[in-house]
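# Coordinates in review
Each chain, written out:
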Amino acid sequence: MTAETQTPEPAPWNEQRASHADRDAVVARLQQAAADGRLDFTELDARLELALKAKTHADLARLTADLWGPGEPEPNRTLVLKGGLPGVTRKGRWQVPAHVTAYAGMGGVVLDFTQVDCTLPEVEVEAHGQMAGVVVIIPDGWAAQTDDVEPGLGGVKDGTTPDRLPGTPLIRLTGNGGMGGVVVRHPRPRERRKLNKLKQAAALTAAA
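My aim in this report is to walk through the structure given alongside it, one point at a time.

Calculation criteria
- Residues numbered from 1 in each chain as written.
- Predicted model: local features only at pLDDT ≥ 70, side-chain atom pairs only at ≥ 80, totals over all residues.
- Heavy atoms only, no water.
- Phe/Tyr/Trp six-rings, centres within 6.5 Å; stacked < 30°, edge-to-face > 60°.
- Helix = DSSP H or I, 4+ residues; strand = E, 2+ residues; numbered from the N terminus.
- Buried < 20%, exposed > 50% of the residue type's maximum accessible area, 1.4 Å probe, protein only.
- Axes fitted to C-alpha atoms, helices over the stretch in contact; angles between N-to-C directions.
- Parallel < 35°, antiparallel > 145°, perpendicular 65-115°, else oblique.
- Contact = heavy atoms within 4.5 Å.
- Nonpolar A, V, L, I, M, F, W, Y, C, P; charged D, E, K, R; others polar.

### Focus on the packing of aromatic side chains
One pass over the structure, following the stated rule, counts two aromatic pairs. For the ring pair Trp 94 and Phe 113, a centre distance of 5.1 Å and an interplane angle of 45 degrees mean the geometry is tilted. One end of the pair, Trp 94, is in the loop between strand S2 (88-90) and strand S3 (99-103); the other, Phe 113, is in the loop between strand S4 (109-112) and strand S5 (122-128), with 19 residues separating them in the sequence. Per residue, the accessibility class of Trp 94 equals that of Phe 113, and both read buried. Look at Phe 113 and Trp 142: their rings are 5.8 Å apart centre to centre, the planes differ by 50 degrees, and that puts the pair in the tilted class.

### Some details on the packing of helix H1 (residues 20-35) against helix H2 (residues 41-53)
In the contact formed by H1 and H2, the axes pass within 9 Å of each other and the chain directions differ by 175 degrees. Between H1 and H2, the crossing angle belongs to the class labelled roughly antiparallel. Contact residues: Arg 23, Val 26, Val 27, Leu 30, Gln 31 and Ala 34 in H1; Leu 44, Arg 47, Leu 48, Ala 51 and Leu 52 in H2. Residue composition of the contact of H1 with H2, by class: eight nonpolar, one polar and two charged.

This is the structure:
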């Protein structure tokens, strides 16, 4: 294959172009930081102007680099999950960093994002299906990209819709399907019913 016909390597994440949804997510985070007292109105106005003009992810990352408070996921931290023999499930309200690495092992890994609050514009999930596979569940309105996952023997199954709501993260999957495969999907009907019950219970608690 000649140099002219080779597929160019994708640019690093920080150098890739930001979308409207990426800018909206940063705008929301800046506004929340101002509401929390971490930015004054002059700083907020200056950063909002830069956010709306941002071209790349790196441009946006600079605007929130000093706004990660205690208890919040650090943007550069990697969460490593190893399924081993019993398997690992991460669900409920958990802190989502910008990078997650999942090794399925013999028991598998399930990453459930349906109840998390995530203001990151993008989350990279490096999934290694190995023997039991990795399953990623994302809410409606979130989008996933699976082009960078090597299918292996287990393959890659993307059951998500491409419709991404403003302010929601893109789940960018990398890695290898292995024997067990990698699956990314939205909640199934039974899971949706359970989520609706949890939301109703939370609303009743808040109103009490």
